Amino acid sequence: ALTPRGELVRMIDAVTAANPALVVVDVDFSGGGPDADSRVDQPLVDYFAGYRHGAPIILPKRIEAATDATLHIARSALDGVVESVPALWWAHASFETDGDGAVRQWARWLAVCSDGGPQWLPAIPVRVAMLLDPLPRDLDRPRVPDPPASCQQAEERPGQRLIIGPRLTGASGSALVAGARTISASLLLDTELARDDEQLFGRRIVIIGASHAGSSDFWLTSSGALPGVELLANAIRYSTLRAATGPGAELVYRIAALVLFAMFALQAFWLRGVAALLCSIVGGLTVVALAVGLWNYFGIFEALEAAILLTLFYAACNALLKTLEEPPPYVKFI
């Protein structure tokens with residue numbers, strides 16, 4: 001509601017006229033339902049109804065949870081025009097929060113209820129991969145899962161790890177694009193400013209969204225609080241680093257966890273105190289750096305977590321056994 005629709009139309013038109021690969025408009029158009037939004041969103045309805053550019057546009061669909069744990073898609077004033085214009089697509093922009101309230105994963109597909117029954121709604125990065133043409137070499141065209149049996153079916157697993165910035169991947173990591181830019185919306189609305197829109201947006205994935213404090217769209221992540229539009233940008237940019245699936249991936253995970261556990265246990269057996277702790281930290285970081293840097297294997301973090309838990313269990317059992325082996329204290333009474 002805080003985003004002026006007239007200015008938003010001008011921004012979308014300026015971006016789509018520059019021949020981008022794809023545009024994501026990260027603005028919620030579901031507030032209040034179609035009746036309440038009809039006048040507010042009318043400039044967007046008129047613009048999209050006569051959309052004349054070729055770039056696909058992805059819009060986020062709000063997901064609402066019912067009391068029976070089913071997920072429902074919220075109605076919007078744009079529903080009719082999205083169904084009638086081939087270049088417009090819905091996707092979900094939901095992220096998964098852990099027990100501490102931080103976002104670390106996102107679901108590729110959500111089973112949602114609609115008027116036509118249960119259906120899959122892809123995440124925005126998945127929809128991007130479905131629409132990009134040509135598709136980058138490191139990105140696969142997503143396959144739509146078999147239809148969900150009901151709206152109570154959980155989202156498709158496994159979840160995708162949320163990667164933020166190049167700190168884990170390195171500057172030359174497998175990102176969808178080599179460099180990402182941030183441009184203020186005011187630069188697009190300034191009619192007296194000379195811009196090279198083709199250079200700025202041409203053949204790029206462009207995300208339009210709010211990062212100001214008034215948007216209330218902020219999420220806690222491992223890198224601090226970030227606006228939702230930046231989470232989407234990072235999820236799209238590093239969508240080539242997908243979570244591995246299948247029996248082979250599970251075997252690699254178990255082997256990695258056991259190797260890390262064996263390393264920690266041996267260091268605890270040979271060393272003591274601070275020396276054992278420092279060696280474990282250095283060894284763990286080395287294994288993580290090699291797994292991520294050489295093979296882009298981000299499942300190493302789950303393996304590291306499992307190895308730490310196994311090491312703590314081993315240390316507790318070892319301490320308990322030593323306590324039981326010690327003879328009881330001998331007290332002599334005179």
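Residues numbered from 1 in each chain as written. Predicted model: local features only at pLDDT ≥ 70, side-chain atom pairs only at ≥ 80, totals over all residues. Heavy atoms only, no water.

### Structural notes on helix α10 (residues 273–295)
Note the following rule: Here a strand is any run of E in DSSP of at least two residues, a helix any run of H or I of at least four, and the numbering for each starts at the N terminus. Helix span, expected: 1.5 Å multiplied by one less than the number of residues in the helix. Three exposure classes are used, based on accessible area relative to the maximum for each residue type with a 1.4 Å probe and protein chains only: buried under 20%, partly exposed in between, and exposed over 50%.
Between its terminal C-alpha atoms α10 stretches 33 Å, which fits the 33 Å expected from 23 residues at 1.5 Å a residue. Of the positions making up α10, those classed as buried are Ala276, Ser280, Gly283, Gly284, Val288, Ala291 and Val292. In the stretch just after α10, Asn296 is the one whose phi turns positive, near 55°.

### What about the pattern of salt bridges?
Where we set the bar: Here, a salt bridge means any Lys or Arg side-chain nitrogen found within 4 Å of an Asp or Glu carboxyl oxygen.
Per the stated rule, a full pass over the model turns up 7 salt bridges. Ionic pairing is found between Asp41 and Arg5, a salt bridge with its closest N-O pair at 2.5 Å. On the criterion of sequence distance, the pair formed by Asp41 in the loop between α2 (33–37) and α3 (42–49) and Arg5 in helix α1 (residues 5–16) is long-range, its members being 36 residues apart. Classification of Asp41 as buried rests on a relative accessible area of 0%. Connected through shared salt-bridge partners, Asp28, Arg62 and Glu64 make up one network.

### Examining empty space enclosed by the protein
Unoccupied space between atoms shows up once a probe the size of one water molecule is rolled over them. Selection criterion: Definitions used throughout: a 1 Å grid over protein atoms alone; a cavity as a set of points that fits a 1.4 Å probe which cannot get out; a pocket as an open set with protein on both sides within 12 Å along at least five of seven lines; a lining residue as one with an atom within 4 Å of a point. Grid points are joined across faces, edges and corners, and a volume is the space filled by probe spheres set on the points. Three classes are used, and their members are as follows: Ala, Val, Leu, Ile, Met, Phe, Trp, Tyr, Cys and Pro are nonpolar, Asp, Glu, Lys and Arg are charged, and the others, Gly among them, are polar.
Under the criterion given, the structure shown has 2 cavities of 30 Å³ or more. If you add up the space inside the second largest cavity, you get close to 40 Å³. Elements with a minimum of two residues in the lining of the second largest cavity: α5 (124–131) and α8 (228–237). Residue classes in the lining of the second largest cavity are distributed as 9 nonpolar, 2 polar and no charged.

### Some points on the confidence of the model for the protein
Where we set the bar: Per-residue confidence from the predictor is reported as pLDDT, a score between 0 and 100. We call two residues contacting when some pair of their heavy atoms lies within 4.5 Å.
Here the protein averages 81 in pLDDT, and 84% of its residues register 70 or above. Predicted confidence for residues 167–172 stays below pLDDT 50, and this span has 9 contacts to residues more than four positions away or in other chains.

### Here's the deal with a nonpolar patch on the surface
What counts, and what does not: Surface patches are defined over residues having more than 30% relative accessible area and no salt bridge, joining like charges when they lie within 9 Å and nonpolar side chains (Val, Leu, Ile, Met, Phe, Trp, Tyr) when within 5 Å. Computed with the Shrake-Rupley method and a 1.4 Å probe, the accessible areas treat only the protein chains shown as cover for residues.
Residues Val274, Leu277, Leu278, Ile281 and Leu285 make up a contiguous nonpolar surface patch of roughly 500 Å² in combined accessible area. Mapping Leu277 onto the fold places it in helix α10.

### Re the sheet that holds strand β11 (residues 205–209)
For clarity, the cut-off: By this definition, two strands are paired if DSSP reports at least two bridges between them. An axis is simply a line fitted to the C-alpha atoms; with a helix, the fit covers only the stretch in contact. Between two such axes, the angle follows the N-to-C directions and lies from 0 to 180 degrees.
Pairing is parallel across the open sheet formed by 4 strands, whose spatial order is β5-β2-β1-β11. Of all strands in the sheet, those with a lone pairing partner are β5 (88–91) and β11, marking the two edges. Here the average twist between neighbouring strands, direction ignored, is 25°. Bridge count for strand β2 (residues 57–60) against β5 is 4 bridges, and the pairing is parallel. Paired with Leu59 across the strands is Trp90, a residue of β5.

### Description of the packing of α10 against helix α11 (residues 300–325)
This is how the line gets drawn: Here the angle decides the label: under 35 degrees means roughly parallel, over 145 means roughly antiparallel, 65 to 115 means roughly perpendicular, and every other value means oblique. Take the far helix as the reference: if the near one is turned anticlockwise from it by less than a right angle, the crossing is left-handed, and if turned clockwise, right-handed.
It is at 10 Å that the axes of α10 and α11 come closest, and there the two elements cross at 160°. Taken together, the axis directions place α10 and α11 in an arrangement best described as roughly antiparallel. Considering the relative orientation of α10 and α11, their crossing is right-handed. Two secondary-structure elements touch here, α10 through Val287, Val288, Ala291 and Val292 and α11 through Ile300, Phe301 and Leu304. Taken together, the residues of the contact of α10 with α11 sort by class into 7 nonpolar, no polar and no charged.

### What about the pairing of strand β13 (residues 224–227)?
Two elements, strand β12 (residues 218–221) and β13, share 4 bridges in a ladder whose sense is antiparallel. By the bridge assignment for β13, Phe218 is matched with Pro227.

### As for α5
Among the 8 residues of α5, 7 are classified as buried, and the element is accordingly described as predominantly covered. Considered for burial, the residues of α5 that qualify are Ile124, Pro125, Val126, Arg127, Val128, Ala129 and Leu131.

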